[in-house]
Amino acid sequence: MADRTTQGGDGIRTFPFPVELSVGGVGMQVGPMGTGRTWHADAPLERVHRIDFHVVMLFAEGPVRHMVDFTEHEATAGDLLWIRPGQVHRFSRTSEYRGTVLTMQPGFLPRATVEATGLYRYDLPPLLRPDPAELAGLRAALEHLRREYEDTATLPLSLHTAVLRHSLTAFLLRLAHLAASSAESVRRQSDSTFTLFRDAVERDFATNHSVSAYADALGYSRRTLVRAVRAATGETPKAFIDKRVVLEAKRLLAHTDLPIGRVGAAVGFPDAANFSKFFHQHTDQTPAAFRAELR
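Rules used throughout
- Residues numbered from 1 in each chain as written.
- Predicted model: local features only at pLDDT ≥ 70, side-chain atom pairs only at ≥ 80, totals over all residues.
- Heavy atoms only, no water.
- Axes fitted to C-alpha atoms, helices over the stretch in contact; angles between N-to-C directions.
- Helix = DSSP H or I, 4+ residues; strand = E, 2+ residues; numbered from the N terminus.
- Parallel < 35°, antiparallel > 145°, perpendicular 65-115°, else oblique.
- Contact = heavy atoms within 4.5 Å.
- Nonpolar A, V, L, I, M, F, W, Y, C, P; charged D, E, K, R; others polar.
- Buried < 20%, exposed > 50% of the residue type's maximum accessible area, 1.4 Å probe, protein only.
- Core = buried A, V, L, I, M, F, W, Y, C linked by side-chain atoms within 4.5 Å.
- Pairing = 2+ DSSP bridges.
- Polar contact = N/O pair within 3.5 Å; in protein donor to acceptor, adjacent residues only side chain to side chain.
- Salt bridge = Lys/Arg side-chain N within 4 Å of Asp/Glu carboxyl O.
- Phe/Tyr/Trp six-rings, centres within 6.5 Å; stacked < 30°, edge-to-face > 60°.
- Lys NZ or Arg CZ within 6 Å of the ring centre and 35° of its normal.

Student: Just checking my understanding: could you explain the packing of helix α5 (residues 192-204) against helix α7 (residues 222-233) for this structure?
Tutor: Helix packing geometry: the angle between the two helix axes and the distance between the axes. Where α5 meets α7, the closest approach of the two axes is 9 Å, and the angle between their N-to-C directions is 95 degrees. As judged from the angle between their axes, α5 and α7 are roughly perpendicular. Mapping the contact onto sequence places T193, F194 and F197 in α5 and L225, A228, V229, A232 and T233 in α7. When grouped by side-chain class, the residues that make up the contact of α5 with α7 number 6 nonpolar, 2 polar and no charged.

Given below as structure tokens:
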């Protein structure tokens, strides 16, 4: 197969959805986890990397440790881990991953389903712990999806794909309900002002650090935006933006060999001194010290 991985300016490899490994070439896969599984022949899973698709792992055994954006998550039997496109993550060298893994390509589901299932809710935690009733429903929905995925003989490809989309949607709706079950998550999801702001920051944080610019682009007053973001997060819009910038800077400092000046430029600071001042202000470390601590 052609090597479609990308590295780009940040030095972290991004691996594409492996369409050629899907049954029938559809935009999703579901099957058992186990040794030897990979996104790509040249992708050692124990190294940090990004993927441009969604992954949901339902664990049958544990504990399993998995890093997602500087947080080590420990999952055990019955837990789920949801990794979204663009997140930097790493599989554990020592853990044996057992259970079922679902992967899905962006664009496989219609926009209405994407919004209803919160596919891009980066504010929600990756690790989910369902109660017994929720776990039973998720397992049944995932097993039904797996059977439909593997049955390529009953229906023509177009109908097979349509059934997969409906079955996948049913599973994701259960998963989204679990992810948003806390009062805080429900409140965030219902606040459309914050949702639009959050999505805009995720898209533009590398070039736009101005609260007023976001408010103008979204058609809100600065006061309205401040009120919505405080209600959803307890933070100011500026703090929310800065936190996202710091996270990306940490990713690049920890997982690439880019010069510090280029790291700063990649997150919106053309002047290296201004970037170092900003980073120190938010972390109490210089970029060089942060990098050295992790090497």
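From this point, the narrative continues.
Student: Got a minute to help me understand unusual backbone geometry in this structure?
Tutor: Negative phi characterises most residues that are not glycine, and trans characterises most peptide bonds. With omega at 5 degrees, the peptide bond leading from G62 into P63 counts as cis. Its location among the elements puts P63 in the loop between β4 (54-59) and β5 (64-68). Positive phi is not limited to glycine here, since D69 has a value of about 50 degrees. Among the structural elements, D69 can be located in the loop between β5 and β6 (71-75). Residue classification places D69 among the buried residues on the basis of a relative accessible area of 13%.

Student: Would you mind showing me how to read the nonpolar core here?
Tutor: Within soluble globular proteins, side chains that are nonpolar tend to cluster in buried spots. Core analysis: the biggest nonpolar cluster contains 29 residues, and F197 and Y214 have the highest contact counts within it. Going through the elements one at a time, α5, α6 (211-218), α7, α8 (237-255) and α10 (272-283) are the ones with two or more residues in this core. The element best represented in this core is α8, accounting for 8 residues. If we ignore the near neighbours within four places in the chain, the residues touching F197 are Y214, L218, L225, V229, P237, F240 and I241. Counting residues in each nonpolar core, the second largest holds 28 residues, with L135, L142, L145 and L175 among its members.

Student: Would you mind going over the sheet that holds β5 with me for this structure?
Tutor: The strands making up a sheet are joined through hydrogen bonds of the backbone, oriented either antiparallel or parallel. Strand order in the open sheet made by the 3 strands is β6-β5-β8, with antiparallel pairing throughout. Only two strands of the sheet have a single partner each, and these edge strands are β6 and β8 (89-91). Shown here is a sheet whose adjacent strand axes are inclined to one another by a mean of 25 degrees, direction ignored.

Student: Please clarify how the environment of M28 should be interpreted in this entry.
Tutor: Tracing the backbone shows M28 in strand β2 (residues 28-33). Residues M28 and F53, spaced 25 residues apart in sequence, show a C-alpha to C-alpha distance of 9.4 Å. Once residues within four sequence positions are removed from consideration, M28 is found in contact with F17, S22, L102, T103, M104, F108, L145, Y149, L164 and L168.

Student: Help me understand the side chain of R121, please; the structure alone is not making it clear to me.
Tutor: With respect to the helices and strands, R121 occurs in the loop between α1 (111-117) and β10 (127-128). For R121, the side chain forms a polar contact with the side chain of D123, separated by 2.9 Å.

Student: Hey, could you run me through the pattern of salt bridges in this one?
Tutor: Any two side chains of opposite charge can pair, so long as their charged atoms come close to each other. Applying the stated criterion across every chain, the model contains 20 salt bridges. We note a salt bridge from R198 to D123, for which the minimum N-O separation is 3.6 Å. One end of the pair, R198, is in helix α5; the other, D123, is in the loop between α1 and β10, with 75 residues separating them in the sequence. Residue class for R198 comes out buried when judged on its relative accessible area of 8%. Taking the relative accessible area as the measure of exposure, D123 reaches 22% and is therefore partly exposed.

Student: So what exactly am I meant to see when it comes to the sheet that holds strand β7 (residues 80-83) here?
Tutor: Taken together, the 5 strands give an open sheet; going across it, the order is β2-β9-β4-β7-β10, and neighbouring strands pair in antiparallel fashion. The open sheet has two edge strands with one neighbour each: β2 and β10. Where helix α2 (residues 132-150) meets the sheet, it contacts β2, β4, β7 and β9 (99-104), and its direction lies at approximately 115 degrees from that of β2.

Student: Which parts of the structure should I look at to understand the packing of aromatic side chains?
Tutor: Geometrically, a pair of aromatic rings is defined through the distance of the ring centres and the angle of the planes. Under the definition given, this model contains 12 aromatic pairs. Judged by centre distance (5.6 Å) and plane angle (85 degrees), the ring pair of F194 and F240 falls under edge-to-face. Of this pair, F194 sits in helix α5 while F240 sits in helix α8, and the two are 46 residues apart along the sequence. Residues F194 and F240 agree in their burial class; the two are buried. An angle of 50 degrees between the planes, with centres 6.0 Å apart, marks the rings of F269 and F275 as tilted. Pairwise contacts between aromatic rings join F70, F269, F275, F278, F279 and F290 into one cluster. Of note, R165 hangs over the ring of F108, and the distance from its end group to the ring centre comes to 4.8 Å. Of note, R244 hangs over the ring of F205, and the distance from its end group to the ring centre comes to 4.1 Å.

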